[in-house]
Amino acid sequence: MSEQSSGQSNLAACYEFMLYLRRLGVQTTLDIIREGSIMLTFASPGYRHEIEFFDNGDVLAESFASCGVLDIRNPFDLASKFL
């Protein structure tokens with residue numbers, strides 16, 4: 001399979017997955033964070049999920065768990081706590 005057809009296939013897979021999530025009422029976001037991939041992000045209670053669809057046919061998925069509601073009133077405090 002050529003890179004172009006592999007990439008087109010993954011673009012179609014990303015689109016189909018977005019439609020699936022949309023039918024479930026899940027809001028999604030698309031982004032490009034590195035060359036050669038499209039990242040689809042969505043949330044579920046207590047989690048954030050990132051799925052990257054690469055133009056070479058690979059798929060990478062990560063999920064991040066919430067650490068709960070933070071008692072931070074200033075966004076700079078949040079940045080200094082975690083960065």
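As a convention, each chain's residues are numbered from 1 in the sequence order in which they are written. Only residues with pLDDT of 70 or above have their local features reported here, since the model is predicted, and side-chain atom pairs are shown and tallied only from 80 upward, although totals for entire chains, interfaces and linings are computed over all residues. Side-chain figures throughout are based on the complete set of non-hydrogen atoms in the structure, without hydrogens or water.

(A) Highlighting the environment of Leu21. Looking at the element boundaries, Leu21 is found in helix H1 (residues 3–23). Throughout this description, buried means an accessible area under 20% of the type-specific maximum (1.4 Å probe, protein chains only), exposed means over 50%, and partly exposed covers the range between. Given a relative accessible area of 4%, Leu21 falls into the buried group. Linking Leu21 and Glu62, residues 41 residues apart in sequence, is a C-alpha distance of 16 Å. With residues near it in sequence (within four places) discarded, Leu21 still touches Val26, Thr28, Leu40 and Phe42. Each helix is a run of DSSP H or I of at least 4 residues and each strand a run of E of at least 2, with the numbering of both proceeding from the N terminus. For this analysis, residues touch if any pair of their heavy atoms sits within 4.5 Å.

(B) Main features of helix H2 (residues 75–82). With zero of eight residues buried, H2 lies mostly on the surface of the structure. Definition of a polar contact: a pair of N or O atoms within 3.5 Å, with one able to donate and the other able to accept a hydrogen when the atoms are protein atoms, and with sequence-neighbouring residues admitted only if both atoms are side-chain atoms. For H2, the N-terminal capping position is held by Asn74, with its side-chain oxygen 2.7 Å away from the main-chain nitrogen of Phe76.

(C) Representation of the pairing of strand E4 (residues 59–65) in the model. Any two strands with at least two DSSP bridges between them are considered paired. Sheet topology note: the strand E3 (residues 47–54)/E4 ladder contains seven bridges and is antiparallel. In the sheet register, Phe53 faces E4, and the bridge partner there is Val59. Hairpin connection from E3 to E4: four residues lie between these consecutive antiparallel strands, with Gly57 at a positive phi of about 100°.

(D) Local environment of the side chain of His49. Its place among the elements puts His49 in strand E3. Separated by 2.8 Å, the side chains of His49 and Ser44 make a polar contact. Setting aside residues up to four positions removed in sequence, His49 forms contacts with Leu40, Thr41, Phe42, Ala43, Ser44, Glu62 and Ser63.

(E) Representation of a nonpolar patch on the surface within the structure. A cluster of nonpolar side chains, contributed by Leu70, Leu78, Phe82 and Leu83, occupies part of the molecular surface with about 430 Å² of accessible area. Secondary-structure assignment places Leu83 in the segment after H2. With a relative accessible area of 86%, Leu83 lands in the exposed category. To count toward a patch, a residue needs a relative accessible area over 30% and no salt bridge; like charges are then connected within 9 Å, while nonpolar side chains (Val, Leu, Ile, Met, Phe, Trp, Tyr) are connected within 5 Å. Areas reported here follow the Shrake-Rupley algorithm with a probe of radius 1.4 Å; residue values treat only the protein chains shown as occluding. For salt bridges, the criterion is a side-chain nitrogen of Lys or Arg within 4 Å of an Asp or Glu carboxyl oxygen.

(F) Fine view of the pairing of strand E2 (residues 37–44). Two elements, strand E1 (residues 28–31) and E2, share four bridges in a ladder whose sense is antiparallel. Looking across to E2, one finds that Thr29 is bridged to Thr41. Linkage of E1 to E2, two consecutive antiparallel strands, is achieved through a turn of five residues, within which Gly36 is found at a positive phi near 90°. Examined bridge by bridge, E2 and E3 share eight bridges and lie antiparallel to one another. Each residue of the ladder has a partner; that of Leu40, found in E3, is Ile51. The turn joining E2 and E3, which pair antiparallel and follow one another in sequence, is formed by two residues; a positive phi near 85° is taken by Gly46.

By themselves, these observations are geometric and do not establish any function.
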